Number of protein chains: 2
Amino acid sequence: MKVAILGYGVVGSGTYEILDKAGYTVGKILDIRPHPELGDVLTTDFDDILNDKEIGVVAEAIGGLEPAHSFLVKAIKAGKHVVSSNKHLICTYYDELHSLAREMGVTVRFSASAGGGIPWLHNLCRATRCDKITRVSGIMNGTTNFIIDAMITDGADFSDVLAMAQSLGYAEADPSADIDGLDTARKTAISSSIAFNTEISEDDVSVFGLRNIKKCDIEYIKGKLNKSIRYVGTGVMSDGAVSTFVEPLIIGEDSLFAGVKKNNNMISLVGENVGELSFFGQGAGKYPTGVSVAQDVIDIVNGDFALITPGQSINVDNGAVTKQYYVRTKADVPSDLIDSLTKIGDDNFIITKEISVLGMHKLSKEIIQKDGVSFFAGIER
Amino acid sequence: MKVAILGYGVVGSGTYEILDKAGYTVGKILDIRPHPELGDVLTTDFDDILNDKEIGVVAEAIGGLEPAHSFLVKAIKAGKHVVSSNKHLICTYYDELHSLAREMGVTVRFSASAGGGIPWLHNLCRATRCDKITRVSGIMNGTTNFIIDAMITDGADFSDVLAMAQSLGYAEADPSADIDGLDTARKTAISSSIAFNTEISEDDVSVFGLRNIKKCDIEYIKGKLNKSIRYVGTGVMSDGAVSTFVEPLIIGEDSLFAGVKKNNNMISLVGENVGELSFFGQGAGKYPTGVSVAQDVIDIVNGDFALITPGQSINVDNGAVTKQYYVRTKADVPSDLIDSLTKIGDDNFIITKEISVLGMHKLSKEIIQKDGVSFFAGIER
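Here goes a summary of the coordinates provided. Residue positions within a chain follow its written sequence, with the count starting from 1. Chain letters start at A and ligand numbers start at 1, both assigned in the order the entries are written. Per-residue local features are limited, in this predicted model, to residues with pLDDT of at least 70; the limit for side-chain atom pairs, both in listing and counting, is 80 or more; totals at the level of whole chains, interfaces and linings are taken over all residues.

### Observations concerning the packing of helix α3 (residues 68-77) of chain B against helix α4 (residues 87-104) of chain B
All names here are of chain B.
Link 1 in the chain: Where helices are involved, their axes are fitted lines through C-alpha atoms of the stretch in contact, as for all axes, and angles between N-to-C directions lie from 0 to 180°. Numbered from the N terminus, helices here are DSSP runs of H or I no shorter than four residues, and strands are runs of E no shorter than two. Following both chains from N to C, one finds α3 and α4 inclined at 10 degrees, their axes separated by 10 Å at the closest point. If you check the angle between α3 and α4, you find them roughly parallel. Between α3 and α4 the crossing geometry is right-handed. Residues A68, H69, L72, V73, I76 and K77 of α3 form the contact with α4, whose own contacting residues are L89, Y93, L97, L100, A101 and M104. Working rule for angles: under 35 degrees goes down as roughly parallel, over 145 as roughly antiparallel, 65 to 115 as roughly perpendicular, anything else as oblique. Crossing handedness is defined as follows: a turn of the near helix away from the far one that is anticlockwise and smaller than a right angle gives a left-handed crossing, while the clockwise case is right-handed. We call two residues in contact when their backbone-placed C-beta atoms lie within 7 Å.

Structure representation (structure tokens):
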């Protein structure tokens, strides 16, 4: 079985090099840019791939929704297995792609769409074969972890670290998908869909961004609370209800997540049988992400065509998980919610009583209207 | 394809419950003890399993070398796939079982033999498909991690913590395989064999035990060096040479390994493409280990019969890796090897200059002859 790769950018070229070196045949690569080194393997016409009977698996590394989505739909309809590293696409078309693949008797794999080089989704899928997953939770975005780690380690300001991350290529010119949480929300949705055998969209995930974090928050969390902080996406199943949320999370200084430095990722699952399993590694990058795409391709070439069968859709209500929150704001917070309050200058540093994720995210909208740079973080039990 | 389980102890019964609940058919369970709840599934005669044509995979959870080894050899010769959770057996008969399995066209799986419930060996095997592994390294023994963590956290003495670990069921009545390193050495040998595509025996692994660690070591490492410590097995491939060793390892207080508490395990690989990947979880226990055995069985039932093909045997010389060591001893240490020395009472607390693993383990034998309770630990770079 030969392989086609769509897109010869960072991930596509990494995937090609890895598969080629490992002895797998990449028959065609689709890219509109000239790559003379690829010779006849390069094509600018997707039909060359669609009509090539020897190509049994199409790996997409274009990014964005279109034309990537149309290409994958056409490939599945032509009876080809598909692999994608594209979280936006997988998150948006999860059900469509799986339904179509089931109809056509092919498989859809997307290991690189959450966790980058970490074999996270592979192991999560595998875990569901003989375990009930009750929780997925992780540092899934390298940019925000790089920012938090540098703020903690160097006492730097958010904006300075963001600029440094951009200059190092860790953060995009427009960093909003990272620092406002969309990237982590999509990875949380995909992970929760697999873990809880349902289909969860990015809109189901409640998000507190990291954008408003300030030096004074780090100083308070580290100095007054003796804690650390990470930016974490979480999906929890309890009593048949699913909660999915992305929040800055205040954690113990000696916790596993606190050992995750720089732009690394770590994602955990809790299974009723296996207990907690955590997976650490590079969440992005040419070769790490290329490995994840290549592993999906190799599984398929080796004859593993198992396909996820999403069960009933479950509503996410975020009402079942409760915890305490840290809030730094100039605005007033309802006094019955306050467990402790320290005033430094104009800022209220508040630790709330236990409140549901749903309740806190609703309340945050009112607080943000009064003080737009308020910062919210969950506190790990 | 039906499954047989050999041994209905902790791991065997965990495996049975997990497979049964997940819808796989366990046709026979071999145990010499009565288990009326198992009805016809229980047998005391291995031939019942051997002659049952419906049984395609035999999972061994007896422990020890015999009769487990003979049973697995007979099963393979009868054309059945085999799974084992038995590190002693796998480490001892690695080549024999693989050669025989290759001849018979069946597979051998042993995910639970290193890492317990952590899908470590599965992911390590998988990583070798498209990466060159240069290092495996990990906290692979829950008992010694429990002891170290309690000594650090509670300031307790080694012997008190060991007694507590025994009363909690974490440590055996005879704890020597744990605290003298044989358990970790076997897991390191198995992991290194897979990582470097060779066959490494437990005798190839140089071992410093944990038995001699004292409260004063923890106080020195924590108080004077501002470091933490874990008990770590390591295999390194560099310039065609393999080093494999088990040592107490002095690490940064904010390193990933330092976040591994209680009886948990964490094992890492470094691949040229993927970088560092780390896997955390329960290294033992009925259900975690049962999950690993069950996952091997499920792979086989699903038709994944891939078998490791060990390459050329590589000599382990431990000469290629150098580092600094911590030595606490009443004996004299050659002065040209000493980087720093602090004398407290009769004890010399020494940080050595860089020395090879080979050199340090040789020297340790002379030092131990002069002071039998000397303690040695590598220092992470």
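There's more to say after this.
### Description of the relation of the copies chain A and chain B
Link 1 in the chain: Of the transformation superimposing chain A on chain B, the axial component is 0.0 Å and the angular component is 180 degrees, with the fit at an RMSD of 0.0 Å. Expressed as an axis order, the relation between the two copies is that of a two-fold axis. Relative to the rotation axis, the C-alpha of F279 of chain A is the closest in chain A, positioned 2.5 Å from it.
Link 2 in the chain: Of the interface residues in chain A, 100% have counterparts in chain B that sit at the interface too, so the contact is made through matching surfaces. The fit set for superposing copies consists of C-alpha atoms from residues with pLDDT of at least 70 in both; the fit itself is least squares.

### Some thoughts on the sheet that holds strand β1 (residues 2-6) of chain A
Residues and elements named next belong to chain A.
Link 1 in the chain: By this definition, two strands are paired if DSSP reports at least two bridges between them. Taken in spatial order, the six strands of this open sheet run β3-β2-β1-β4-β5-β6, and their pairing is parallel. Unpaired on one side and paired on the other, β3 (42-43) and β6 (108-109) mark the two borders of the sheet.
Link 2 in the chain: Bridge count for β1 against strand β4 (residues 55-60) is five bridges, and the pairing is parallel. Along β4, the bridge assignment pairs A4 with V58.

### Considerations on helix α6 (residues 142-154) of chain A
All names here are of chain A.
Link 1 in the chain: Multiplying one less than the number of residues by 1.5 Å gives the expected span of a helix. When the terminal C-alpha atoms of α6 are compared, their 17 Å separation across 13 residues agrees well with the 18 Å that a helix rising 1.5 Å per residue should span.
Link 2 in the chain: Around each residue's C-beta, the other C-beta atoms within 10 Å are counted; 20 or more make the residue buried, 12 or fewer make it exposed, and counts in between make it partly exposed. All C-beta atoms are placed from the backbone. For α6, the tally of buried residues reaches eleven of 13 residues, placing the bulk of the element in the interior.
Link 3 in the chain: Along α6, the positions that sit buried rather than exposed are G142, T143, T144, N145, F146, I147, I148, D149, A150, M151 and I152.
Link 4 in the chain: Where the residues of α6 are buried, they touch β7 (133-139), α7 (158-167), α8 (176-179), α10 (215-224), β9 (227-238) and β11 (264-271).
Link 5 in the chain: Once α6 finishes, G155 follows within two positions and takes phi at roughly 65 degrees, a positive value.

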